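Close look at the chain arrangement
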Amino acid sequence: MVAVRLIPCLDVRDGRVVKGVRFRNHRDMGDIVDLAHRYRDAGADELVFYDISASPQKRSVDIAWVERVAEAIDIPFCVAGGIRDVETARAVLHAGADKISVNSPALERPALIGELADAFGSQCVVAGIDSIRENDRWRVRQYTGDPDNMVDPRRDTMSWAEEVQRLGAGEIVLNCMDADGVREGYDIEQLKTVRTTCKVPLIASGGAGSREHFLQAFREADVDGALAATVFHSGQIAIPELKDWLRGHGVVVRN
Amino acid sequence: MTIAVINSGGANLGSVQHALHRLGAESVLTTDAEVIRSADKVILPGVGAAAWAMNALNKAGLVEVIRGLTQPVLGICLGLQLMCESSEEGDVECLGLIPGRVRKLQVGKDLRLPHMGWNQVDWVGEDPLGQGLDGSEWFYFVHGYAAPVDHAVAISEHGQRFAAVVRRGNFAACQFHPEKSAGAGARILSNFLEA
């Protein structure tokens, strides 16, 4: 039986790992390869690197650190940040990334998802969705890496999640912005709602603060993976202990 | 020892070479028939669609070259599927080194496709690739199609049972990605290098 995935997310800016709260006030967390190694050894199932300054600056991800990571670690990793065409995606994948995640550029031009799926297969194409509650519904946000330039693309989260699947996305990372960085738990209600129409793997993102939050996401929202940054980077939750505890609660995790 | 990694055109071929490098083995990424024929070991990796990859091998004139190899050959992921007789994905004739047709995984409504993530395998036959592994290990899979279990030495399950590792003579292949499967994957690769 396939195991759920615990996925540390490393926000990258100028080649360093950083972390902010509600997408602001970024602090330096260390060197990319050092952190990648640490998480690989701790039993992380996958890593995600977001080049958070790429999309707002209208440039693509820096290939050099993708290569450094690929040389160093032997678990899958995904790269996101300003990938807006097939050629850039090819460079990132050839540098050693297993998947590419597209977010803002896919909102600029949804056909990008189909082009990437045709070129590399759906399994390589992750749709990242930044979602925020607006009155009684969830709405998508664009360019969230830079709060001053954040854009409302006027799209409903539910319909966008369905559209990216139709276009060929092989996985969805749903980042619930209201919960991000505040450690009060994943947005279970939103994840459950998206799960109802999500046929591809769904990854929860935003809000992990305790081991119970992970259990809740797997049990109640039936997500395939849970992404977290703050609790892992700070050492508040250690992956080996989290896995033991989840296993004790009947969740299938990798040893 | 020379190791040829066949450049089947898919993405992420570098990862296989990085993994070999971490084991102290250097390899060459190539479509050169002579380099492939004369290598001590050959790896056929692959990410992408079967029809597209067979087309690439045909164009490079490598179909008969691969069929004629007598040294140890390791297929990885799509490489396993290409070793079979045919694939439902694009309805294409494959290399025919392992009997059977590759079909889309049949999963219920509670399971996701592609089968993406870490899963375990059940070793049902003795094989050099499985040396030192007891079925408790986890391997990283990413695929939507799979080969039947008839010629499997290891079997995995996602909605249905499918071949995780196959073997016929000098040709062996794994559906998972050993280069992305942490310590367990490194063991598979070092078993291949030592066999």
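Remember, it's a predicted structure, so these values are computed and weren't measured experimentally. In this numbering scheme, every chain counts its residues from 1 along its sequence in written order. Whichever chain is written first is A, and whichever ligand is written first is 1; the rest continue in order. Only residues with pLDDT of at least 70 get local features here, since the model is predicted, and only at 80 or more are side-chain atom pairs given and counted; chain-wide, interface and lining totals rely on the full set of residues. With hydrogens and water excluded, all non-hydrogen atoms of the structure serve as input to the side-chain values.

1. A short note on unusual backbone geometry
Short version of the rule: Where helices and strands are cited, they refer to DSSP runs of H or I of at least four residues and of E of at least two residues respectively, numbered from the N terminus. Three exposure classes are used, based on accessible area relative to the maximum for each residue type with a 1.4 Å probe and protein chains only: buried under 20%, partly exposed in between, and exposed over 50%.
Each neighbour pair has its own omega, and for L113(B) with P114(B) the value is 0 degrees, a cis peptide bond. Mapping P114(B) onto the fold places it in the loop between strand 7 (98-104) and strand 8 (115-120). Despite not being glycine, N135(A) has its phi angle at roughly 55 degrees, a positive value. Mapping N135(A) onto the fold places it in the loop between strand 7 (125-134) and strand 8 (137-141). N135(A) gets classed as exposed once you look at its relative accessible area, which sits at 73%. The backbone phi angle of D222(A) is positive, close to 55 degrees, even though this residue is not glycine. Inspection of the secondary structure assignment puts D222(A) in the loop between helix 8 (211-220) and strand 11 (225-228). Since its relative accessible area comes to 35%, D222(A) is described here as partly exposed.

2. Notes on helix 5 (residues 111-120) of chain A
Residues and elements named next belong to chain A. Definition in use: Whether two residues are in contact is decided by their heavy atoms, any of which lying within 4.5 Å being enough.
Of the positions making up helix 5, those classed as buried are L112, I113, G114, L116, A117 and F120. Looking at the packing, one finds that the buried side of helix 5 touches helix 3 (86-94), strand 6 (99-102), helix 4 (104-108), strand 7 and helix 6 (157-167). Positive backbone phi, at 95 degrees, marks G121, one or two positions downstream of helix 5.

3. Let's talk about the nonpolar core
Definition in use: Side-chain atoms within 4.5 Å are what join buried Ala, Val, Leu, Ile, Met, Phe, Trp, Tyr and Cys residues into a set we call a nonpolar core.
Among the nonpolar cores identified, the biggest contains 85 residues, and L47(A), F49(A), F77(A), Y186(A), F214(A) and L246(A) are the most heavily contacted of them. Look past the residues within four positions of Y186(A) in its chain and what remains in contact with it is L191(A), A204(A), S205(A), G206(A), G207(A), A208(A), H213(A), F214(A), A217(A), A226(A), L227(A) and A228(A). Residues V63(B), V73(B), C84(B) and L97(B) belong to the second largest nonpolar core, which totals 35 residues.

4. Some remarks on the UniProt feature "active site" (unreviewed entry) in chain A
Residue and element names in this part refer to chain A. Formally: UniProt positions are given in the numbering used here, feature names are shortened, and annotations may be inferred rather than shown by experiment. Here a polar contact is taken to be a pair of N or O atoms separated by no more than 3.5 Å, where protein atoms must pair a possible hydrogen donor with a possible acceptor and residues adjacent in sequence count only if both atoms sit in side chains.
Listed under "active site" (unreviewed entry) in the UniProt record, and renumbered for this structure, are D11 and D130. Judged by maximum C-alpha separation, these annotated positions cover 120 residues in sequence but sit close together in space, the widest gap being only 14.5 Å. For D11, the position within the fold is in strand 1 (residues 5-13). Residues contacting D11, with those up to four places away along its chain left out, are R16, V17, V18, Y50 and I52. Positionally, D130 belongs in strand 7. Looking at D130, its side chain comes within polar contact range of the side chain of N103, at 3.2 Å.

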